[in-house]
Amino acid sequence: MSAQCCAGQLACCCGSAGCSFCCGCCPKIRQSRSTRFMYALYFILVVVLCYVMMSNTVANEMREHIPFFEDICKGIKAGDTCEKLVGYSAVYRVCFGMACFFFLFCLLTLKVNNSKSCRAYIHNGFWFFKLLLLGAMCSGAFFIPDQETFLNAWRYVGAVGGFLFLGIQLLLLVEFAHKWNKNWTAGTAINKLWYASLSLVTLITYSIATGGLILMAVFYTQKDGCMDNKILLGVNGGLCLLISVVAISPPVQDRQPHSGLLQSGLISCYVTYLTFSALSSKPVEVVLDEHGKNVTICVPDFGQDLYRDKNLVARLGTALSCGCILYSCLTSTTRWSSDALQGRYGAPELEVARCCFCFGPGGEDAEGQQNVKEGSRVIYDEKKSTVYNYAYFHFVFFLASLYVMMTLTDWFNYESANIETLFSGSWSIFWVKMASCWICVLLYLGTLVAPLCRPSPHFSV
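The protein chain is annotated in an unreviewed UniProt entry as Serine incorporator 5 from Camelus ferus. Under the heading Sequence similarities (unreviewed entry), UniProt records this for the protein chain: "Belongs to the TDE1 family." Its UniProt record gives the protein chain the following Subcellular location (unreviewed entry) comment, quoted word for word: "Cell membrane".

## Some thoughts on the overall build of the protein chain
Assigned secondary structure in the protein chain consists of 18 helices and four strands. In the protein chain, buried positions account for 46% of the 461 residues. Of all intrachain contacts in the protein chain linking residues separated by at least 6 positions in sequence, the fraction that spans at least 24 positions is 77%. Accessible area of the protein chain: about 23,200 Å², with a carbon and sulfur share of 67%.

## Some points on the packing of aromatic side chains
This model, assessed by the stated rule, comprises 27 aromatic pairs. Geometrically, the ring pair formed by Phe96 and Trp154 is edge-to-face, given 4.9 Å between the ring centres and 85° between the ring planes. You can see Phe96 sitting in helix H5 (residues 88-108) and its partner Trp154 sitting in helix H8 (residues 147-187), a full 58 residues away along the chain. Since its relative accessible area comes to 8%, Trp154 is described here as buried. Ring geometry for Phe101 against Phe105: centres 4.9 Å apart, planes inclined by 55°, an arrangement best described as tilted. Separated by four residues within a single helix, Phe101 and Phe105 lie in helix H5, roughly one turn from each other. Neither residue differs from the other here; Phe101 and Phe105 are each classed as buried. Over the aromatic face of Trp127 sits the side chain of Lys130, whose NZ or CZ is 3.8 Å from the ring centroid.

## Focus: the pattern of salt bridges
For side chains of opposite charge, pairing can occur when their charged atoms come near one another. All told, the structure shown has one salt bridge when counted by the stated rule. For Asp228, the salt bridge is made with Lys282, and the minimal N-O distance between the two is 2.4 Å. Here the residue Asp228 occupies a position in helix H10 (residues 227-247), and Lys282 occupies one in the loop between helix H12 (261-281) and strand E2 (285-288), the gap between them amounting to 54 residues. Under the relative-accessibility criterion, Asp228 is labelled partly exposed at 31%.

## Things to note about the UniProt feature "transmembrane region" (unreviewed entry) in the protein chain
When the UniProt feature table is mapped to this numbering, "transmembrane region" (unreviewed entry) covers residues 37-54, 90-110, 122-144, 156-174, 194-219, 231-248, 387-408 and 428-453. Taken end to end, residues 231-248 comprises 94% helix and 0% strand; its first and last C-alpha atoms sit 26 Å apart. The distance separating the terminal C-alpha atoms of residues 428-453 is 36 Å; by composition the span is 100% helix and 0% strand.

## Quick notes on the nonpolar core
Core analysis: the largest hydrophobic core is formed by 58 residues, its most contacted members being Phe43, Tyr92, Phe102, Phe165, Ile325, Phe397 and Met405. Of all the secondary-structure elements, those providing two or more residues to this core are helix H2 (31-53), H5, helix H7 (127-140), H8, helix H14 (310-331), helix H16 (390-408) and helix H18 (427-453). Sort the elements by how many residues they give to this core and H16 lands first, with 14 residues. Sequence-distant contacts of Phe397, defined by excluding residues within four places in its chain, comprise Ala40, Phe43, Phe102, Leu326, Cys329 and Leu330.

## Digging into unusual backbone geometry
In this structure, Lys111 takes a positive phi of about 60° despite not being glycine. Among the secondary structure elements, Lys111 is positioned in the loop between H5 and helix H6 (118-124). At Phe126, a residue that is not glycine, the phi angle is positive and equals roughly 60°. Relative to the helices and strands, Phe126 resides in the loop between H6 and H7.

## Points about the side chain of Thr109
Mapping Thr109 onto the fold places it in the loop between H5 and H6. What makes Thr109 buried here is its relative accessible area of 1%. Within the structure, the side chain of Thr109 is placed 3.4 Å from the backbone nitrogen of Ala391, a separation counted as a polar contact. In this structure, Thr109 is in contact with Arg119, His123, Tyr390, Ala391 and His394, ignoring residues within four places of it in sequence.

Conventions used here
- Residues numbered from 1 in each chain as written.
- Predicted model: local features only at pLDDT ≥ 70, side-chain atom pairs only at ≥ 80, totals over all residues.
- Heavy atoms only, no water.
- UniProt positions renumbered as here; feature names shortened; annotations may be inferred.
- Helix = DSSP H or I, 4+ residues; strand = E, 2+ residues; numbered from the N terminus.
- Buried < 20%, exposed > 50% of the residue type's maximum accessible area, 1.4 Å probe, protein only.
- Contact = heavy atoms within 4.5 Å.
- Areas by Shrake-Rupley, 256 points an atom, 1.4 Å probe, with all protein chains shown as cover.
- Phe/Tyr/Trp six-rings, centres within 6.5 Å; stacked < 30°, edge-to-face > 60°.
- Lys NZ or Arg CZ within 6 Å of the ring centre and 35° of its normal.
- Salt bridge = Lys/Arg side-chain N within 4 Å of Asp/Glu carboxyl O.
- Core = buried A, V, L, I, M, F, W, Y, C linked by side-chain atoms within 4.5 Å.
- Polar contact = N/O pair within 3.5 Å; in protein donor to acceptor, adjacent residues only side chain to side chain.

Structure representation (structure tokens):
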């Protein structure tokens, strides 16, 4: 038994399966997914560390309850109150180490197409040593000379990378909308029930978008005042109407017969969500009522008590943001998303309509079921070829590291940023979300209008 345990631990540290030895009671998992899970786990660990560094509450609790706190801070040369280990500058350094970690593996796995190569083994194993490497990179960033110059330069790199991460997600959303419509439209040639499915989903998307805009008009505006909210809701509602009209216009339909209201309805839902998210992130406006008391306006009444509990808002906001970022990273690194970003699409006549159209008929790695070793909890599904692009996977996590860095440090209001007030209201986050909303609309309009100017297979939908 001890020999088997030692062998399992060695496999966890050096093998190609992500800690499979300790999961004998867990269901079987494919190697490609276990690898992505392990990298996602490393990402979560660093994000949690950054959350702690940005929390004034945690810093105060440590100062009050850790004996000889100031002596420890002086001993590690972090300042009298460990000010070098907290705040936006500390998050910049830690995220610099994490970004370097993923960028290093991006370079290491370039053009890896065979999971049996040496570089593929490094990507899929050696988890203990990679954890040590990640910790060393994050710690080493605190010893970079000329910290002021480094932070100023790294701030601009983070902004560019963060916006690029958002751009990739928006582009993939647009491509997803086109793929959905094309796949289900292909089914109408065989079964007319696909027309009903298309109509039902289209009706649902427009109902959600319209209902969301109406509810925001009710709760985020008032009869007197809130003019900026009214303008933004009117502009974004008008953009949803514009993309719907363009999608079914005769010139677009003539050049792109697969274009329709399903795509524009899905984009409208996302625009509505971003609008709601932006208005929720907007700093609250406080005015004096007739009795001389401070009253918040332009926000729902039921949300005012929630905003007072800053710790609860910070925890919920951080958890939701981390979950959304992880979901974006993992879904952005599938084979389909990689092909979509490179402009590679399947022929329309080869489309087979399916409810779960993102994967092949048997899943992206169906052959993995044939590669199960007796007694193993890991399905080795990459024996023939890689299931996803390793280098692209690490590049997306590299950009996500920069996005997390900018988000937790309140983008351009970094000097006064802390996690307790970050999700209670921030102009930086508000305008980033509004800009993302408008960029998404422009990207979708570009896929509709560009073929009219210069026909190209890249814009065929």
